[in-house]
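So the chains spell out like this:
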Amino acid sequence: MPKVIVIYHSQQFGDTKTLAKALAEGVREAGAEIEIISTNHRRITIDEFLAADGVALGTPDYFSYIAGTIKTFFDDIYLWDKSGESVKGKPAVLFFSHGGGGRGREPFEYLAGKFFEQVGETVESKRPTGDETKEQCRMLGKELVKRLK
Ligand SMILES: Cc1cc2nc3c(=O)[nH]c(=O)nc-3n(C[C@H](O)[C@H](O)[C@H](O)COP(=O)(O)O)c2cc1C
């Protein structure tokens, strides 16, 4: 059974958490094992990262960029890679919440593109989170698992 790790930051309203939960539902429905980590609470370890076959990564737009804890996650992957670990190339899906500007999507996709093979399109949600974007996340979770099987 493939294993998916969902990594997200959510702080202001819980918008990104709502998207993460919808995506996790799709991953479970598609029959994968899942682990969910909120980077608000802690950093992901390299062992957790290496144990995952696929990654779902979510961030709000903070100042036309990604949340600081997600930036730290990218910094960690970069350093793991430089230390010789095989961390590049996992299939990944991206989800993103913003308040109307949404310019953080570009740096988010740019950084993800350095380390991951993106599956599907980024789900972009202008808050408040609606049923349509939740459904897009659920479908994206399924698409990721399909790619892993
Ligand atoms: C510190 C901070 C900076 C933000 N900067 C932007 C921004 O530049 N552009 C934008 O569209 N939304 C911005 N927002 C709004 C959030 O992206 C939006 O409310 C998002 O849905 C919050 O997600 P969350 O509830 O998961 O934390 C900002 C919010 C915060 C707290």
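Anything mentioned here points back to the structure above.
What you see is a predicted model; the values in this text were computed from it and never measured. (Residues numbered from 1 in each chain as written. Predicted model: local features only at pLDDT ≥ 70, side-chain atom pairs only at ≥ 80, totals over all residues.)

Visitor: I tried to follow the overall build of the protein on my own but got confused; where do I start?
Guide: Scanning the protein for helices and strands turns up 5 helices and 6 strands. Each helix (α) and strand (β) of the protein, taken in turn from the N terminus, gives the series β-α-β-α-β-α-β-α-β-β-α. Taken against the 2.2 N^0.38 rule, which gives 15 Å for 149 residues, the C-alpha radius of gyration of the protein at 14 Å falls within 12% of a compact globule. Expressed along its principal axes, the backbone C-alpha trace of the protein runs to roughly 40 × 35 × 25 Å. A burial count over the protein gives 42% of its 149 residues as buried. (Helix = DSSP H or I, 4+ residues; strand = E, 2+ residues; numbered from the N terminus. Rg over C-alpha atoms; globule rule 2.2 N^0.38 Å. Buried ≥ 20, exposed ≤ 12 C-beta atoms within 10 Å, placed from the backbone.)

Visitor: Got a minute to help me understand the site of the ligand in this structure?
Guide: Taken together, the neighbourhood of the ligand is formed by 20 residues, with Ser10, Thr16, Pro60, Gly99 and Gly101 sitting nearest. Mapped onto the shell around the ligand, the elements with two or more residues apiece are α1 (15-29) and β4 (90-98). Top element by residues in the shell around the ligand is α1. It accounts for 3 residues. Looking at side-chain class alone, the shell around the ligand contains 4 nonpolar, 12 polar and 4 charged residues. (Near = placed C-beta within 6 Å. Nonpolar A, V, L, I, M, F, W, Y, C, P; charged D, E, K, R; others polar.)

Visitor: How should I be thinking about unusual backbone geometry in this particular structure?
Guide: Glycine aside, a negative phi is what most residues show, and trans is what most peptide bonds show. With an omega dihedral of 0°, the bond running from Arg127 to Pro128 counts as a cis peptide bond. Relative to the helices and strands, Pro128 resides in the loop between β6 (123-126) and α5 (131-148). Positive phi is not limited to glycine here, since Phe63 has a value of about 55°. Judged by C-beta crowding, with 10 C-beta atoms within 10 Å, Phe63 ranks as exposed. Positive phi values are uncommon outside glycine, yet Ser64 reaches one of about 60°. Within the secondary structure layout, Ser64 lies in the loop between β3 (54-60) and α3 (68-82).

Visitor: Honestly, the environment of Arg28 in this entry has me stumped. Any pointers?
Guide: Inspection of the secondary structure puts Arg28 in helix α1. Judged by the 16 C-beta atoms lying within 10 Å of it, Arg28 is partly exposed. Expressed as a C-alpha distance, the spacing of Arg28 and Cys137, which sit 109 residues apart in the sequence, is 12 Å.

Visitor: Please clarify how α3 should be interpreted in this entry.
Guide: It helps to recall that an α-helix has 3.6 residues per turn; residues three or four apart then point in one direction. Along its 15 residues, α3 runs 21 Å from first to last C-alpha, staying within 8% of the 21 Å computed at 1.5 Å per residue. Next to the buried residues of α3 lie β1 (3-8), β3 and α4 (105-115). (Expected span 1.5 Å × (residues − 1). Contact = placed C-beta atoms within 7 Å.)

Visitor: Please explain the packing of α1 against α5 as it appears in this structure.
Guide: The axes of two packed helices give the description: the angle between them and the distance between them. At their nearest, the axes of α1 and α5 sit 7 Å apart, and the two run at 40° to each other. Comparing their axes, α5 and α1 come out oblique. Crossing of α1 against α5: the hand is right-handed. Across the interface between the two elements, Thr18, Leu19, Ala22, Leu23, Ala24, Glu25, Gly26, Val27 and Glu29 of α1 pack against Thr133, Lys134, Cys137, Arg138, Met139, Leu140, Gly141, Lys142, Leu144 and Val145 of α5. Grouping the constituent residues of the contact of α1 with α5 by class yields 10 nonpolar, 4 polar and 5 charged. (Axes fitted to C-alpha atoms, helices over the stretch in contact; angles between N-to-C directions. Parallel < 35°, antiparallel > 145°, perpendicular 65-115°, else oblique. Left-handed = near helix turned anticlockwise from the far one by under 90°.)

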